[in-house]
Each structure stands twice: as C-alpha cells, then as structure tokens.
Amino acid sequence: MIYFIMAMEAEARPFIKRLQLSEDLMFNLRLPMRRLKGKYCGIDISVIINGKDKKFNLDLIGTQAATIATQQAIERQYPNLIISAGTAGAFAGKGADVGDIYLSYPHVAFHDRRVPISGWNEMGIGSFPVYDTRKMAQELGFKLGIVTTGDSLDMSPTDAAMIETIGGEVKDMEAAAVAWVASLYQIPMFCIKSVTDLVDSTHHATHEQFARNLETSVEKLTDAMITVVEYLAKHSSDYC
Ligand code: ADE
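This report concerns the structure included in the present document.

## Points about the packing of aromatic side chains
Part 1: In the structure shown here, the tally under the stated rule is four aromatic pairs.
Part 2: Lying over the aromatic face of F91, K94 brings its terminal NZ or CZ to 5.1 Å of the ring centre.
Part 3: Above the ring of F110, the side-chain terminus of R113 is found at 3.6 Å from the ring centroid.

Below you can see the structure in the form of structure tokens.
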C-alpha cells in the first residue's frame, strides 16, 4: 500500500482520474482531509489530499495540514511507503527548468526554522533521510536533489541563505512535515516534485510562474507518479 500525500486538489485530480481512484471516508468528519483509493499494477494506492480551509475554500497548503493528513492516515491504516507528491520551486542556477521532475535524495529538511542554539538549530532543520531513489531516478530519467520545506511560497533572503547551506535543490511547502511523521512511524518515504517556478529568477515573480505553469507541471507530475508506481511494481514486491 502506497500513500501519496498531496496538498492541492488540482495537483491530484489528473492522477485520481487516470487511476480511477474513488473517495473513501477515512478521516474524522470534522477534518478536511480526504482519501481516494484504488489499485494500480497490483498495488493498493491511496491519494491523501489535505482538503480545503472552511473559511476561504482554498486548498490547505503548508506543513500543518500535511502533518495532520499524514499522521491521521497512518493511524487509520499503515502504508508500506509514503510519497510526498506535488509541485515545487527549483533553481535555474542549479540546472533546473520548469517541468523538471525531481525525486528527493538523500534527505529532506526544513529551511525556515531558525533557533540559533546548538542542537535546537539542527533539530529544527531536521534532515530526514529518504528512501534510496538513485536507481529509480537514473532509470526513469528524473533529477535527484535535497527537498527543503517552508511555509511560504516566496523565498526571503534568509530562506535563500539557509537553502544554500542545506544544499537544497527543490523548495516546497509540505515534504519535510510528511517526512517527519513518516520517520516517527519508521515508514519509508520520498518525494516526487514537479517544478512550476524558478525561485532564483530575477525577471518573473514566483507566484506568477506558479500560476502560469501549474497545469503543464501537473501533467508531468501525473505521468511521473504513474511511472514510479509501475517501476515499484516491477522492482519490488514490498508494496503489494
Ligand atoms: N510550490 C510550487 N512552487 C513553490 C515554491 N517556489 N516554494 C514553495 N512551494 C512551491
């Protein structure tokens, strides 16, 4: 059983459609999280979506909802593998382009936690090791990189410096939260991230790139998620 933890409905919709996943009431009805499930290549697949904010009717992006979604889903049913899937920012200066697919390796971390006291600082950043995606990335033609997570779409100079220190190549808003929960339960986890925006662009604002490239990046994300499931079905019996 694989859990794909996803923040935005628009990111998940094409995958849900292609695999013909159907709604399954898994969460406490007070929670906004949703689960859609089905089977592909003999593997039980669930997409967990964070759900929408009641007041704004917008997808609950960010680390809080991702944490609850992951923890609650695990408590209801243990998966063999967790994949944080979605769109992300990346760096032209590090060779990224819009539409690139990155698999996380060797770890994911938080880039917006600053506690300048020895020990607390390292704990805040996290550095959660992920499933070894190196062979998969090579065979499927995906890039590899450290994914870093914060709760803002833009990148402040302080965040930029932290990402540089961590060696981050991909910037998102959920991965490290999902990874932290997965680490508590000792469930293997990795990320599939499709690049919507180049955060080091001096010409185009991140949010404008994101809006412009969302649809095509999600198409690529969907293809990548399906390819990854096919790869796992072929190479391992651990997930059936
Ligand atoms: N998701 C898509 N683009 C992003 C960015 N630049 N930062 C964080 N999350 C993102």
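## Quick look at the site of the ligand
Part 1: Residues in close proximity to the ligand total 13 residues, the closest being G89, K171, T196, D197 and V199.
Part 2: One of the backbone nitrogen or oxygen atoms of L153 is found 3.4 Å away from a nitrogen atom of the ligand.
Part 3: In the environment of the ligand, a nitrogen atom lies 3.4 Å from a nitrogen or oxygen atom belonging to the side chain of T196.
Part 4: Spatially, the ligand is embedded in the largest pocket.
Part 5: Those elements that place two or more of their residues in the shell around the ligand are strand 5 (81-90), strand 9 (168-172), strand 10 (189-198) and helix 7 (206-235).
Part 6: A per-element tally of the shell around the ligand places strand 5 first, with three residues.
Part 7: Looking at the shell around the ligand residue by residue, the classes come out as five nonpolar, five polar and three charged.

## Concerning the pattern of salt bridges
Part 1: Applying the stated rule across the entire model yields 13 salt bridges.
Part 2: The closest approach of N and O atoms between K52 and E9, which form a salt bridge, is 3.4 Å. Taken together, the positions of K52 in the loop between strand 4 (43-49) and helix 2 (63-76) and E9 in helix 1 (residues 9-18) put the pair 43 residues apart, joining distant regions of the chain.
Part 3: By relative accessible area, which is 31% here, K52 ends up partly exposed.
Part 4: Taking relative accessible area as the criterion, E9 reaches 23% and is therefore assigned partly exposed.
Part 5: One salt bridge connects R114 with D159, and the closest N-O pair in it is separated by 3.9 Å.

The rules we used
Numbering of residues starts from 1 in each chain and follows the order in which that chain's sequence is written. Thresholds applied to this predicted model are a pLDDT of at least 70 for local features of residues and 80 or more for the giving and counting of side-chain atom pairs; totals over whole chains, interfaces and linings are not thresholded and use all residues. For the side-chain quantities, the full set of heavy atoms in the structure was used; hydrogens and water were omitted. Under the pairing criterion, centres of Phe, Tyr and Trp rings, with the six-membered ring standing for Trp, must be within 6.5 Å; the plane angle then separates stacked pairs below 30 degrees from edge-to-face pairs above 60, leaving the rest tilted. Each ring is checked for a lysine NZ or an arginine CZ that lies within 6 Å of its centre and within 35 degrees of its normal; such an atom marks a charge sitting over the ring. Only a single heavy atom is needed: when it lies within 4 Å of a molecule or strand, its residue is near that molecule or strand. Here a polar contact means two N or O atoms within 3.5 Å. Within protein one must be a hydrogen donor candidate and the other an acceptor candidate, and residues neighboring in sequence count only if both atoms are side-chain atoms. Two kinds of site are reported from a 1 Å grid over the protein atoms alone, namely cavities, where a 1.4 Å probe fits but cannot get out, and pockets, open sets with protein on both sides within 12 Å along at least five of seven lines, and residues are called lining when an atom falls within 4 Å of a point. What decides whether a molecule sits in a cavity or pocket is whether more than half of its atoms lie within 2 Å of the grid points. The way it works is that DSSP assigns letters per residue, a run of H or I at least four long becomes a helix, a run of E at least two long becomes a strand, and they are numbered from the N terminus. All residues other than Ala, Val, Leu, Ile, Met, Phe, Trp, Tyr, Cys, Pro, Asp, Glu, Lys and Arg, Gly among them, are scored as polar; the first ten of these are nonpolar and the last four charged. Salt bridge, as used here, is a side-chain nitrogen of Lys or Arg placed within 4 Å of a carboxyl oxygen of Asp or Glu. Any residue under 20% of the maximum accessible area for its type is buried, any over 50% is exposed, and the rest in between are partly exposed; the area is computed with a 1.4 Å probe on protein chains only.

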